[in-house]
Amino acid sequence: MAPTDRERVAARRRRLLWAGILAVAGLVLLAVGLTVADGTAAWLEVAAAIVLLLASYGLQYVARRETLHGDDDRP
């Protein structure tokens, strides 16, 4: 069963919301890791921040791809 337009829009908004939350969390961890923390904690925070930022980018990519190519499935 193909998703309706409302379901697609809702899924896109959900993905973009989670991408934004992950990006903000990643940027906060990156800032703390580069300024406040030192030693092993700083490296762990920076590594976690990079993972969160990459996950955010991935979610944004999926949301954009769905928006651009979502009409290809329609007859």
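Every value quoted in this text rests on a predicted model; they were computed, and no experiment measured them. (Residues numbered from 1 in each chain as written. Predicted model: local features only at pLDDT ≥ 70, side-chain atom pairs only at ≥ 80, totals over all residues. Heavy atoms only, no water.)

1. Re the overall build of the protein
Helix and strand counts for the protein come out as two helices and zero strands. Counting across all 75 residues of the protein, residues that qualify as buried make up 19%. Considering only intrachain contacts with a sequence separation of at least 6, the fraction spanning at least 24 residues in the protein is 65%. (Helix = DSSP H or I, 4+ residues; strand = E, 2+ residues; numbered from the N terminus. Buried < 20%, exposed > 50% of the residue type's maximum accessible area, 1.4 Å probe, protein only. Contact = heavy atoms within 4.5 Å.)

2. With respect to a nonpolar patch on the surface
A cluster of nonpolar side chains, V24, V28, V32 and V36, forms an exposed patch at the surface whose accessible area comes to about 340 Å². Within the element layout of this structure, V36 appears in the loop between α1 (5–35) and α2 (40–69). (Patch = residues over 30% accessible without salt bridge, like charges linked within 9 Å, V, L, I, M, F, W, Y side chains within 5 Å. Areas by Shrake-Rupley, 256 points an atom, 1.4 Å probe, with all protein chains shown as cover. Salt bridge = Lys/Arg side-chain N within 4 Å of Asp/Glu carboxyl O.)

3. Some thoughts on the environment of L59
Relative to the helices and strands, L59 resides in helix α2. With a relative accessible area of 26%, L59 lands in the partly exposed category. Linking L59 and R14, residues 45 residues apart in sequence, is a C-alpha distance of 9.7 Å. Beyond its immediate chain neighbours, meaning those up to four positions away, L59 contacts R15, W18, A19 and L22.

4. Looking at α1
The end-to-end C-alpha separation of α1 is 45 Å, in line with the 45 Å expected for 31 residues at 1.5 Å each. For α1, the full list of buried residues reads R8, A11, A19, L22, A23, G26 and G33. (Expected span 1.5 Å × (residues − 1).)

These results come straight from atomic positions and should not be treated as a statement about function.
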